[in-house]
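What follows is the residue order along each chain.
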Amino acid sequence: RHATDDDLAARTVLQAMMPAVKNLTAKFSTCGAWSPEETAAVVVAAMWERIRCYPVDRRPRKVSANLTLDTRQRVWRTTRCGKLSLPCAPAPMPR
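Counting from 1, residues in each chain are numbered in the order their sequence is written. Since the coordinates come from a predicted model, pLDDT governs what is reported: local features require at least 70, and pairs of side-chain atoms require 80 or more to be given and counted, while whole-chain, interface and lining totals use all residues. To get the side-chain values, all heavy atoms of the structure are used, and hydrogens and water are removed first.

## Overview of the overall build of the protein chain
Spelled out, the test is: Helix and strand assignments follow DSSP, with helices taken as H or I runs no shorter than four residues and strands as E runs no shorter than two, numbered in order from the N terminus. The contact rule is simple, with two residues in contact once any of their heavy atoms fall within 4.5 Å. To measure how exposed things are, a 1.4 Å probe is used in the Shrake-Rupley method; for residues, cover is taken only from the protein chains shown.
Secondary structure summary: the protein chain contains four helices and zero strands in total. Mapped from its N terminus to its C terminus, the protein chain presents α and β elements in the order α-α-α-α. Summarising the internal contacts of the protein chain: among those between residues at least 6 apart in sequence, 63% fall at separations of at least 24. Accessible surface for the protein chain amounts to roughly 6700 Å². Of this, 57% is attributable to carbon and sulfur atoms.

Here's what the structure looks like:
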């Protein structure tokens, strides 16, 4: 509730969401739109924006799942509409 106007609360939520940020960064790193460092920066920025603007009054349940999905959607739209004209290719399977 306080993440919209309290920097410490927002930073705490971001720290709690770092495993999701790491997973999203790994998934989007294979797209080739950005370098791995740029991908991490885009994902963290999208997560931070979503944390600060999350409508907790309208969506009070499963907040972490909603933050993750909203961030994934934001990054996906940026990737598709920004630097890539085609959807990301799936990562090759390890042998």
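## Brief notes about unusual backbone geometry
Across the chain, the bulk of peptide bonds are trans and the bulk of non-glycine residues have phi less than zero. The backbone of lysine 62 sits at a positive phi, close to 50°, despite the residue not being glycine. Tracing the chain through its elements places lysine 62 in the loop between α3 (36-53) and α4 (63-83).

## Description of the nonpolar core
Test applied: In these notes, a set of buried Ala, Val, Leu, Ile, Met, Phe, Trp, Tyr and Cys residues joined through side-chain atoms within 4.5 Å is what counts as a nonpolar core. For the exposure calls, accessible area comes from a 1.4 Å probe over protein chains only, and a residue counts as buried if that area is under 20% of its type's maximum, exposed if over 50%, partly exposed in between.
In this structure, Met17, Phe28, Val43, Met47, Ile51, Leu67 and Val75 are the most contacted members of the largest nonpolar core, which totals 18 residues. Looking at this core, the elements that each hand over two or more residues are α1 (7-16), α2 (18-29), α3 and α4.

## Re the side chain of threonine 39
With respect to the helices, strands and loops of the structure, threonine 39 is situated in helix α3. Apart from the residues lying within four places of it in its own chain, the contact partners of threonine 39 are Thr25, Phe28, Ser29 and Trp34.

## With respect to the pattern of salt bridges
For side chains bearing opposite charge, pairing can occur when the charged atoms are close. Heads up, the rule is: Every case where a carboxyl oxygen of Asp or Glu lies within 4 Å of a side-chain nitrogen of Lys or Arg is listed as a salt bridge.
Counting across every chain of the model gives four salt bridges. The closest approach of N and O atoms between arginine 52 and aspartate 7, which form a salt bridge, is 2.8 Å. Of this pair, arginine 52 sits in helix α3 while aspartate 7 sits in helix α1, and the two are 45 residues apart along the sequence. With a closest N to O distance of 2.8 Å, glutamate 49 and arginine 74 form a salt bridge. Of the two residues, glutamate 49 sits in helix α3 while arginine 74 sits in helix α4, which places them 25 residues apart along the sequence. Residue class for glutamate 49 comes out partly exposed when judged on its relative accessible area of 38%.

## Some points on the confidence of the model for the protein chain
Reading fine detail from the predicted coordinates is not recommended where pLDDT is low. Note the cut-off: The predictor's confidence in any single residue is recorded as pLDDT, a number from 0 to 100.
Averaged over every residue, the pLDDT of the protein chain is 83; residues scoring 70 or more account for 80%. Segment residues 84-91 is flagged for pLDDT under 50; beyond a separation of four residues in sequence, or across chains, it makes ten contacts in the model.

## Some details on the side chain of asparagine 66
For clarity, the threshold we go by: Any N or O atom pair separated by 3.5 Å or less is treated as a polar contact, with the protein-specific requirement of one donor-capable and one acceptor-capable atom, and with residues adjacent in sequence counted only for side-chain atom pairs.
Following the sequence through the fold, asparagine 66 ends up in helix α4. Side chain to side chain, asparagine 66 and arginine 59 meet in a polar contact 3.1 Å long.

## Some points on the environment of lysine 22
For lysine 22, the position within the fold is in helix α2. Its relative accessible area of 63% is what places lysine 22 among the exposed residues.

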